[in-house]
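Residues per chain, in single letters:
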Amino acid sequence: MRRNRRPLAVAVAALTTALLALTPLGAQVAHAATLFSDDFADGDLAGWSRSGGSWSVAADDSPALQQARGDTGDARLFAGSASWADQAVQARVKPLTLPGNGLVALLARASGATSYYRLALLAGDQVRLEAVRSGRATPLGTVSHPVTTGGWHTLRIEVAGAVVRGWVDGVPVGSGTGTLTATGRIGVQTGNATARFDDVLVTRGEPAPTSAPPSATATPTATPSGTPTATPSGTPTATPSETPPPTGPTPTPTDTGPAERSSVVAPDGSGDHTSVQAAVDAVPVGNASRYTITIRPGTYRETVTVPAGKPYVSFVGSTGDPRDVVIVYDNASGTPKPGGGTYGTSGSASVTIDGNDFTARHLTFANDFDEAAHDYSAEQAVAVLTRADRLVFDDVRFLGNQDTLYHNSASVDAVGRAYFRDCYVEGDVDFIFGRGTGVFDGCEIRSLDRGSTSNNGYVTAASTMIGNPYGLLFTGCALTTDTAAAQSVHLGRPWHPSGDVNAIGQVVFRDSVVGAHVKDSPWTDMSGFSWRDARFAEYRNSGPGSTVTADRPQLTDAQAPTYTPQRYLAGADGWDPIP
């Protein structure tokens with residue numbers, strides 16, 4: 001719960017009264033339990049997580065949240081808990097600029113960075129209620145209503161069970177039956193627009209009635225809920241994608257074992273340790289229960305290893321904003337070691353995870369090796385190397401250039417599974433690679449510009465072993481770039497370590513938004529091995545870089561159910577970390 005400029009009980013009582021007055025009788029039941037509120041009187045964005053845009057608290061008739069960049073196609077800010085089910089969210093919204101392709105919106109039940117219910121103010125005096133899944137919007141209702149630039153409007157979304165309803169200034173926009181996940185967070189959004197938001201209130205109560213909201217001063221115009229329509233944002237241009245943090249502790253999306261123990265890392269000495277590795281070293285060998293290491297804000301320049309004998313370790317950034325906690329080092333494959341030789345690709349990792357059941361939340365892993373300042377024959381520089389099983393990364397940023405995220409397993413005969421939820425991964429060459437089984441759910445995958453007009457790198461280099469049907473799955477993701485040229489990035493190439501003919505890469509991109517930087521022929525050969533012999537496919541992607549060509553294998557509708565997050569992660573033990 002956030003600090004408010006009025007005593008909390010008074011603020012909630014006043015806002016609840018306003019909510020009931022705005023909504024026609026019989027359209028809802030009372031939502032008495034307050035989950036979250038923020039009037040931004042504290043002047044900061046603690047408890048919120050950004051994805052694109054320029055967000056700050058600005059002066060208005062009272063302090064208000066402001067998104068000031070009109071050139072950002074998709075700027076989002078999230079808050080709350082992924083476990084929220086039935087919810088009513090309301091906020092005051094003021095569009096500052098709203099061009100023909102713009103929107104200003106309130107979001108509910110956000111299950112990922114690109115999946116949520118949205119109530120949007122649009123140009124031309126239109127307000128639309130939508131279900132957005134993996135960036136694709138399905139209208140649930142539209143109403144003609146005056147949308148005033150520079151004027152405040154009150155938006156409200158109620159989600160109860162599968163029933164979704166929306167109101168603008170007390171006028172019902174529409175209702176419908178949604179098919180998104182049963183729980184999620186809340187958020188605000190702009191697309192090619194600037195706006196202010198204030199007095200955000202989230203409440204919870206009994207399920208709403210299934211009948212449509214009664215008419216008010218305007219009659220909603222029915223909008224077909226058939227084929228999903230493209231969102232106004234077009235190609236994602238967001239800055240590193242962070243995901244909605246909870247207002248309080250959020251359950252890590254994996255089972256954790258019995259009693260929990262913890263320690264605190266703080267660079268100023270106010271915690272139990274001043275380095276992350278020191279905190280890991282203090283975890284007992286053979287640890288059999290969840291051990292949470294809370295890391296306070298700071299840049300921790302060190303290499304960190306979680307050894308195989310220390311499972312159930314969690315790293316948690318203390319503020320909920322992954323940019324506040326950065327674990328970083330700058331070794332590259334060709335960096336000379338003090339005792340002679342070089343580190344090699346695996347040895348270059350800033351963070352190495354060998355312990356099973358590791359989780360990380362709300363922090364950044366980075367390798368900031370400076371390619372321009374060195375002339376090594378091998379400049380792979382890994383931010384994170386995983387060689388363990390049942391790993392969860394939630395709202396984590398992975399920063400680097402070549403070989404940013406090395407998702408591997410303990411051996412060629414072992415399967416190493418990891419679930420990446422609402423994460424951000426950036427790089428240029430083979431920046432997600434290895435033989436591990438990984439699901440990237442609602443993540444932003446950003447390709448960095450190498451200055452080429454024709455080849456700015458490769459997103460993946462999978463080396464999945466032939467006996468493993470599941471390698472890398474990207475679902476509900478946004479493939480973006482900083483400034484890479486159109487048609488200059490490959491989705492991937494097949495990596496055969498040391499020429500291993502049994503490493504037959506498996507990669508699927510599905511239900512994702514693909515930017516124009518991705519080539520129409522997105523797969524390519526590697527080291528004499530043809531991509532056509534690998535297991536590469538796509539399914540129902542959208543965006544300017546998703547054009548289906550003869551060189552883009554697509555899953556059939558019959559095949560698609562075999563390639564879901566649950567199928568990838570289940571393994572022999574039925575592991576399911578997906579909330």
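Residues numbered from 1 in each chain as written. Predicted model: local features only at pLDDT ≥ 70, side-chain atom pairs only at ≥ 80, totals over all residues. Heavy atoms only, no water.

(A) Structural context of the sheet that holds strand E23 (residues 351-353). Reading across from one edge, E20-E23-E25-E27-E30-E33-E36 is the order of the seven strands in this open sheet, with parallel pairing throughout. At either end of the open sheet lies a strand with only one pairing partner, and these are strand E20 (304-306) and strand E36 (490-492). With direction set aside, neighbouring strand axes in the sheet form an average angle of 15 degrees. For strand E27 (residues 405-407) and strand E30 (residues 429-434), the ladder comprises two bridges, and the chain directions are parallel. Directly across from Tyr-406, in E30, lies its bridge partner Phe-433. (Pairing = 2+ DSSP bridges. Helix = DSSP H or I, 4+ residues; strand = E, 2+ residues; numbered from the N terminus. Axes fitted to C-alpha atoms, helices over the stretch in contact; angles between N-to-C directions.)

(B) Just the pairing of strand E37 (residues 506-510), in detail. Within E37, five of the five residues are buried, which leaves it mostly tucked inside the rest of the structure. What you see with E37 is no split at all: Gln-506, Val-508 and Arg-510 on one side and Val-507 and Phe-509 on the other are buried throughout. Direction of pairing for strand E34 (residues 472-475) relative to E37: parallel, over a ladder of four bridges. Its bridge partner lying in E37, Leu-472 is registered against Val-507. As paired elements, E37 and strand E39 (residues 535-539) share five bridges and run parallel to each other. What sits directly across from Val-508, in E39, is Ala-537. (Buried < 20%, exposed > 50% of the residue type's maximum accessible area, 1.4 Å probe, protein only.)

(C) Highlighting the packing of aromatic side chains. Under the criterion given, the structure shown has 23 aromatic pairs. Plain terms: the ring middles of Tyr-470 and Tyr-563 are 6.1 Å apart, the flat faces sit at 80 degrees to each other, and that makes the pair edge-to-face. Residue Tyr-470 is located in the loop between strand E33 (458-462) and E34, and its partner Tyr-563 is located in the loop between E39 and helix H4 (565-570); the two are separated by 93 residues in the primary sequence. Each member of the aromatic cluster is reached from another via a ring pair, and the members are Phe-315, Phe-358, Phe-365, Phe-393, Phe-398, Phe-420, Phe-440, Phe-474, Phe-509, Trp-523 and Phe-536. (Phe/Tyr/Trp six-rings, centres within 6.5 Å; stacked < 30°, edge-to-face > 60°.)

(D) Highlighting the nonpolar core. Of all hydrophobic cores here, the largest spans 54 residues; its most connected members are Phe-315, Phe-365, Phe-393 and Phe-440. Ranked by residues supplied to this core, first place goes to strand E26 (residues 391-399) with four residues. Those residues within four positions of Phe-440 in sequence are excluded, and the remaining contacts are Leu-405, Phe-420, Val-425, Ile-432, Ile-445, Leu-472, Leu-473, Phe-474, Thr-475 and Cys-477. Counting residues in hydrophobic clusters, the runner-up holds 42 residues, among them Trp-55, Tyr-117, Leu-119 and Val-168. (Core = buried A, V, L, I, M, F, W, Y, C linked by side-chain atoms within 4.5 Å. Contact = heavy atoms within 4.5 Å.)

(E) The arrangement of unusual backbone geometry in detail. In this model, Asp-199 sits at a positive phi of 50 degrees, which is unusual for a non-glycine residue. Note on placement: Asp-199 falls in strand E15 (residues 194-204). Its identity as a non-glycine residue notwithstanding, His-362 has a phi of 60 degrees, on the positive side. Relative to the helices and strands, His-362 resides in strand E24 (residues 359-367).

(F) Just the confidence of the model for the chain, in detail. Summary statistics for the chain give a mean pLDDT of 85 and a share of 85% for residues scoring 70 or more. Here residues 1-32 is a poorly scored stretch, pLDDT under 50, and it has 73 contacts once near neighbours within four places are set aside; other chains count. Low pLDDT (under 50) marks residues 206-258, which in the prediction has 161 contacts with non-local residues, meaning those over four places away or in another chain. (pLDDT = per-residue confidence, 0-100.)

(G) Seen up close, the state of the cysteines. Counted under the stated rule, the structure contains zero disulfides. Here Cys-423 is not disulfide-linked; the sulfur of Cys-443 is the nearest cysteine sulfur, at 4.7 Å. The class for Cys-423 is buried, based on a relative accessible area of 0%. (Disulfide = S-S within 2.5 Å.)

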